[in-house]
Amino acid sequence: MDNRGLEKLDQWLLKYGNDDSVLSASELDGFFAAIVSAPRQVAPTVWYSAIWADQPPQWPSDKDGERFMKLAVELMSEAAYMLAEEPDDYEAIFLADNNGKGEKLIVSQWCAGYLRGAQVAGWIDAELPEALDKALQSIALHGSEEGQETLNAMADAEYDASVALVEPAAVELYAYWQEHLDPLLPVRRDEAKVGRNDPCPCGSGKKHKQCCMR
């Protein structure tokens, strides 16, 4: 995805989001990395609702809603392809902050999105082998409030070393779950079933059968 598409996602997420929703393309990329890593497929209606913290926007036009979905699916597909087909070259969409000493990668939003995605996909609390649990914790360090004190105490070199662990961790977790596709804990959502002719929950304005159901 080019920068223009990422900027558009940023704009929409900020404009239509809320305090509890995904608010940047970086966070959304992390969210999708965890969703596509899941041992079971997560329905579009589930992940779409989770992006907006169960408060989907009322799009001003069908075109806007469709454009958002198209860009979101493109971002998710790119994450899935890279994790599956080119893991050695996998690159997450991090932010960069010029702190006066050159570019410094900011990964907190991506990692927070990843943890959100793992929660939605139902595997965040699954029992993992020690090495994989360590990989998840390297992401949680940057994506949770609990890790901030540890991060603040790090020297620049130590921080950079912790950042360097994030992408390999995502690759390792993806590979693990592809070998364990039948988890003990299924994904559960307490929501009413959407009929074929009902309005699509994504807010596009179309019937469900003409939108996400496909």
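Bear in mind that the values here come from a model prediction, so they are computed numbers and not experimental data.

Under the counting rule described, the total for this entry stands at one salt bridge. Taking the shortest distance from any N to any O, the salt bridge between Glu 27 and Arg 116 comes out at 3.7 Å. Of this pair, Glu 27 sits in helix H2 (residues 25-36) while Arg 116 is found in helix H5 (residues 108-121), placing the two residues 89 residues apart along the sequence.

Turning to a positive patch on the surface, a few remarks are in order. A grouping of Arg 4, Lys 8, Lys 15, Arg 67 and Lys 70 is seen on the molecular surface, where their side chains present a positively charged patch. Those elements giving two or more residues to the positive patch turn out to be helix H1 (3-16) and helix H4 (62-85). The element contributing the most residues to the positive patch is H1, with three residues. As for its position among the elements, Arg 4 is in helix H1.

Below, the discussion takes up the confidence of the model for the protein chain. Of the residues in the protein chain, 85% have a pLDDT of 70 or more, and the chain-wide mean is 88. Per-residue pLDDT stays below 50 along residues 183-191; that stretch engages in eleven contacts with residues further than four places along the chain or on separate chains.

Looking now at the packing of helix H6 (residues 130-143) against helix H9 (residues 166-178). The interhelical angle for the contact between H6 and H9, taken along N-to-C directions, is 135°, at an axis separation of 9 Å. Between H6 and H9, the interaxial angle falls into the category oblique. Viewed along their axes, H6 and H9 form a crossing whose handedness is left-handed. Between H6 and H9, the contacting residues are Ala 131, Leu 132, Ala 135, Leu 136, Ser 138, Ile 139 and His 142 on the first element and Val 166, Ala 169, Ala 170, Glu 172, Leu 173 and Tyr 176 on the second.

This brings us to the packing of aromatic side chains. Counted by the stated rule, this structure contains 15 aromatic pairs. Ring centres of Trp 12 and Phe 68 lie 6.2 Å apart, and the angle between their planes is 70°; on these two criteria the pair is classed as edge-to-face. Remark: Phe 68 occurs in helix H4 and Trp 12 occurs in helix H1; sequence separation between them is 56 residues. Exposure class is identical for Trp 12 and Phe 68. Each is buried. Pairwise contacts between aromatic rings join Trp 12, Tyr 16, Tyr 48, Trp 52, Trp 59 and Phe 68 into one cluster. Over the ring of Trp 12 we find Lys 8; its NZ or CZ atom is 4.9 Å from the centre of that ring.

Counting 62 residues, the largest nonpolar core has Trp 47, Trp 110, Tyr 114 and Trp 123 as its most contacted members. Residue assignment for this core shows that the elements contributing at least two residues are H1, H2, helix H3 (44-51), H4, H5, H6, helix H8 (156-163) and H9. Among residues more than four places away in sequence, those in contact with Tyr 114 are Gly 30, Phe 31, Ala 33, Ala 34, Ser 37, Trp 123, Leu 136, Ile 139, Ala 170 and Leu 173.

On the surface, a cluster of negative charge is contributed by Glu 85, Glu 86, Asp 88, Asp 89 and Glu 91. For Asp 89, the position within the fold is in the loop between H4 and strand E1 (95-98).

This brings us to H5. Between its terminal C-alpha atoms H5 stretches 20 Å, which fits the 20 Å expected from 14 residues at 1.5 Å a residue. Among the residues making up H5, those that are buried are Trp 110, Cys 111, Gly 113, Tyr 114, Leu 115, Gly 117, Ala 118, Val 120 and Ala 121. Close packing links the buried residues of H5 with H2, H3, H6 and H9. Positioned one or two residues after H5, Gly 122 has a phi angle of 90°, which is positive.

Glancing now at the environment of Met 1. Looking at where Met 1 falls in the secondary structure, it is placed in the segment before H1. Sequence-wise, Met 1 and Leu 71 are 70 residues apart; in three dimensions their C-alpha atoms are separated by 8.2 Å. Ignoring anything within four residues of it in the chain, the contact list for Met 1 reads Leu 6, Leu 9, Leu 71, Glu 74, Leu 75 and Glu 78.

For H6, spanning 14 residues, the distance from its first C-alpha to its last is 20 Å, which sits close to the expected 20 Å at 1.5 Å a residue. Within H6, burial applies to Leu 132, Ala 135, Leu 136, Ser 138, Ile 139, Ala 140, Leu 141, His 142 and Gly 143. Next to the buried residues of H6 lie H5, helix H7 (148-152), H8 and H9.

Rules of the game
- Residues numbered from 1 in each chain as written.
- Predicted model: local features only at pLDDT ≥ 70, side-chain atom pairs only at ≥ 80, totals over all residues.
- Heavy atoms only, no water.
- Salt bridge = Lys/Arg side-chain N within 4 Å of Asp/Glu carboxyl O.
- Helix = DSSP H or I, 4+ residues; strand = E, 2+ residues; numbered from the N terminus.
- Patch = residues over 30% accessible without salt bridge, like charges linked within 9 Å, V, L, I, M, F, W, Y side chains within 5 Å.
- Areas by Shrake-Rupley, 256 points an atom, 1.4 Å probe, with all protein chains shown as cover.
- Lys, Arg positive; Asp, Glu negative; His and termini not counted.
- Charge placed at Lys NZ, Arg CZ, Asp CG, Glu CD.
- pLDDT = per-residue confidence, 0-100.
- Contact = heavy atoms within 4.5 Å.
- Axes fitted to C-alpha atoms, helices over the stretch in contact; angles between N-to-C directions.
- Parallel < 35°, antiparallel > 145°, perpendicular 65-115°, else oblique.
- Left-handed = near helix turned anticlockwise from the far one by under 90°.
- Phe/Tyr/Trp six-rings, centres within 6.5 Å; stacked < 30°, edge-to-face > 60°.
- Buried < 20%, exposed > 50% of the residue type's maximum accessible area, 1.4 Å probe, protein only.
- Lys NZ or Arg CZ within 6 Å of the ring centre and 35° of its normal.
- Core = buried A, V, L, I, M, F, W, Y, C linked by side-chain atoms within 4.5 Å.
- Expected span 1.5 Å × (residues − 1).

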